[in-house]
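Per-entry structural report
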Amino acid sequence: DVKVTQSSRYLVKRTGEKVFLECVQDMDHENMFWYRQDPGLGLRLIYFSYDVKMKEKGDIPEGYSVSREKKERFSLILESASTNQTSMYLCASRPDWGETQYFGPGTRLLVL
Amino acid sequence: EDQVTQSPEALRLQEGESSSLNCSYTVSGLRGLFWYRQDPGKGPEFLFTLYSAGEEKEKERLKATLTKKESFLHITAPKPEDSATYLCAVQAVETSGSRLTFGEGTQLTVNP
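A quick note: this is a predicted structure, and the numbers were derived from the prediction, not measured.

With that out of the way, let us pick up the overall build of chain A. What chain A contains, in helices and strands, is zero helices and 11 strands. Compactness check: chain A gives a C-alpha radius of gyration of 13 Å against a globular reference of 13 Å for 112 residues, within 12% of the reference. Based on the C-alpha atoms only, the size of chain A along its principal axes is roughly 40 × 25 × 25 Å. Relative to its 112 residues, chain A shows a buried fraction of 50%. Pairs at least 24 residues apart make up 55% of the contacts formed inside chain A by residues separated by at least 6 positions. On chain A, roughly 5400 Å² of surface is accessible, and the fraction owed to carbon and sulfur atoms is 50%. Between the mean site of the 16 positive side-chain charges and the mean site of the 16 negative ones, chain A shows a separation of 7 Å.

Written out as structure tokens, the structure is:
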């Protein structure tokens, strides 16, 4: 079974704080993704990584950065959190040999 | 630009009342169409991948079908535990990082 874990299920932060969201997958997948999910907007891709230290911008990268130092771990960083970054954040992974993305349980972030 | 539209937005069924969810898509060239189930507060759970028109896949009470313009998720004799939001996503042939484009989902409620 594919397992994708995220460091926190719920997180409350203050405006201006630096926020780290961690994602770990245990299936040796090459590709990892960060999405945010908002009512009425669906899932939107923030960043993805196809290899260690490699990253590409998704559809809404502004205000976010990512880090992938090890194959199994992909971090999303909010440099200076703002209230409009309150959302559900979902991490996913996919092997090079397959098309299907497998999702983690999500982190619900509230920025006050 | 790839687009996915799901209908209806919400659907209420009685236990045992079969129905179908629709996913209409526009994509330059389809590499794959994906169905996910999402329970409240959790990450999407993979259900099916369909690759070509005419393909069908089944899992318990669910059957997914694909044409050149849309996909249907048929639910036969649903049970209350089938209540969830069902998400459809497409992956285009010419896409960077195998990114997915998601619809907004259909929220299904099955009453006992």
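Such a bond, covalent and formed between the sulfur atoms of two cysteines, is termed a disulfide. Tallied over the full model, the rule gives two disulfides over all chains. The partner cysteine of A:Cys23 in its disulfide is A:Cys91, sulfur to sulfur 1.9 Å. The disulfide joining A:Cys23 to A:Cys91 has a torsion of about -75 degrees about its S-S bond and is therefore left-handed. Linking A:Cys23 in strand E3 (residues 19-25) with A:Cys91 in strand E9 (residues 87-94), this pair joins segments that are 68 residues apart in sequence. Look at A:Cys23 and you get buried, because its relative accessible area is 0%. Through a disulfide, B:Cys23 is tied to B:Cys88; the S-S separation comes to 1.9 Å. Measuring handedness by torsion sign, the sulfur bridge of B:Cys23 and B:Cys88 sits at about -65 degrees and is left-handed. Here B:Cys23 is found in strand E3 (residues 19-26), whereas its partner B:Cys88 is found in strand E9 (residues 84-92), with 65 residues between them in sequence. Here B:Cys23 falls in the buried class, since its relative accessible area comes to 0%.

Another point: the interface of chain A and chain B. Tallying the contact residues gives 25 residues for chain A and 20 residues for chain B. Carbon and sulfur atoms supply 51% of the area that chain A and chain B bury against each other, a total of about 1700 Å² over both sides. The interface formed by chain A and chain B holds one salt bridge in total. Seen at the junction of chain A and chain B, the total is seven residue pairs in polar contact (both at pLDDT 80 or more).

Analysis parameters
The residue count restarts for each chain, going from 1 along the sequence in the order it is written. For this description, chains carry letters from A and ligands carry numbers from 1, given in the order in which they are written. In keeping with the predicted nature of the model, local features appear solely for residues at pLDDT of at least 70, side-chain atom pairs appear and are counted solely at 80 or more, and the whole-chain, interface and lining totals rest on all residues. Excluding hydrogens and water, the side-chain figures rest on all heavy atoms present in the structure. Starting at the N terminus, helices and strands are each numbered in turn, a helix being any DSSP run of H or I of at least four residues and a strand any DSSP run of E of at least two. With C-alpha atoms as the basis for the radius of gyration, the globule rule is written as 2.2 Å multiplied by the number of residues raised to the power 0.38. Summary of the burial criterion: residues with accessible area below 20% of their type's maximum are buried, those above 50% are exposed, and those between are partly exposed, where the area comes from a 1.4 Å probe applied to protein chains only. Any pair of residues with heavy atoms lying within 4.5 Å of one another is described as a contacting pair. For the accessible areas, the method is Shrake-Rupley and the probe is 1.4 Å, while residue cover comes only from the protein chains on display. For this count, His and the chain ends are skipped, Lys and Arg are scored as positive, and Asp and Glu as negative. Think of each charge as sitting on NZ of Lys, CZ of Arg, CG of Asp or CD of Glu. Defined by distance alone, a disulfide is two cysteine sulfur atoms within 2.5 Å. Accessible area that two parts lose when put together, evaluated with a 1.4 Å probe and summed over both, is termed the buried area. The salt bridge definition used is simple: a Lys or Arg side-chain nitrogen within 4 Å of an Asp or Glu carboxyl oxygen. Two N or O atoms form a polar contact when they lie within 3.5 Å of each other; inside protein one atom must be a possible hydrogen donor and the other a possible acceptor, and for residues adjacent in sequence the pair counts only when both atoms belong to side chains.

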